[in-house]
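Close look at the chain arrangement
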Amino acid sequence: MQIDNLFRASYGELLRADYSAATLAKVLPSLLVTSPRLLNSGTFFVAETGGGDVIAAGGWTQASPFGGVGPREIGHMRRVAVHPDYVRRGVGSVILDHVLANAQRTGVTRMCCLSTLTAQPFYEAHGFAMSGDVDLMLRPGVALPAVQMARDLNA
């Protein structure tokens, strides 16, 4: 599947800057499979080349990555990634802007994000503020050090 190939390329290469090889060996298998529920949510988007290759993706949900759904006005960023060949070309910003606009149209006023250490500067450049460090439990005994971030969406 093209989406999983995107995450394999993106996470496999880009996360190496901030995570050890041992950590990546443990966490990557859990990060490389995208939930069909998310893909079919209507709030997950992709960017493609003119030839149809998926070069970026991302979305949002009402449900938190930790499970459960909070207040309707709170959204959660989900699975944002850019293929390494397209990093720093604005594709990630286009995806993020589209995700935020889509969420805002549904009444979301605050977007939360569990960011990798690698993506933290990207989110900060787009107005997200860090609220703390977290360990994202991917499966029992396997955690990814991450950063909790949030941004208010202006009406």
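Cut-offs applied
Residues numbered from 1 in each chain as written. Predicted model: local features only at pLDDT ≥ 70, side-chain atom pairs only at ≥ 80, totals over all residues. Heavy atoms only, no water. Helix = DSSP H or I, 4+ residues; strand = E, 2+ residues; numbered from the N terminus. Buried < 20%, exposed > 50% of the residue type's maximum accessible area, 1.4 Å probe, protein only. Contact = heavy atoms within 4.5 Å. Polar contact = N/O pair within 3.5 Å; in protein donor to acceptor, adjacent residues only side chain to side chain. Salt bridge = Lys/Arg side-chain N within 4 Å of Asp/Glu carboxyl O.

This next bit is on the environment of Trp60. Topologically, Trp60 is positioned in strand E2 (residues 54-61). Trp60 gets classed as buried once you look at its relative accessible area, which sits at 3%. Remark: the alpha-carbon pair of Trp60 and Leu15, spanning 45 residues in sequence, is separated by 21 Å. If sequence neighbours within four positions are ignored, Trp60 has contacts with Thr43, Gly75, His76, Met77, Arg78, Val99, Asn102, Ala103, Thr106, Val108 and Met111. A distance of 2.7 Å separates the side chain of Trp60 from the side chain of Asn102, its partner in a polar contact.

Quick look at unusual backbone geometry now. Backbone geometry at Arg79 places phi at a positive 50°, although glycine is not the residue there. Within the secondary structure layout, Arg79 lies in strand E3 (residues 74-82). The phi angle at Arg88 is positive, at roughly 65°, despite the residue not being glycine. Inspection of the secondary structure assignment puts Arg88 in the loop between E3 and helix H4 (91-105). Residue classification places Arg88 among the exposed residues on the basis of a relative accessible area of 82%.

Take the pattern of salt bridges next. As enumerated under the stated definition, the model contains one salt bridge in all. Between Arg110 and Asp152 there is a salt bridge, with its nearest N and O atoms 2.6 Å apart. One end of the pair, Arg110, is in strand E4 (residues 110-116); the other, Asp152, is in strand E6 (residues 142-152), with 42 residues separating them in the sequence. Residue class for Asp152 comes out partly exposed when judged on its relative accessible area of 45%.

Before going further, it helps to examine the environment of Thr61. Relative to the assigned elements, Thr61 resides in strand E2. Here the alpha-carbon distance between Thr61 and Arg78, two residues 17 residues apart in the chain, equals 6.9 Å. Residues contacting Thr61, with those up to four places away along its chain left out, are Leu38, Thr43, Gly75, His76 and Arg78. Separated by 2.9 Å, the side chains of Thr61 and Arg78 make a polar contact.

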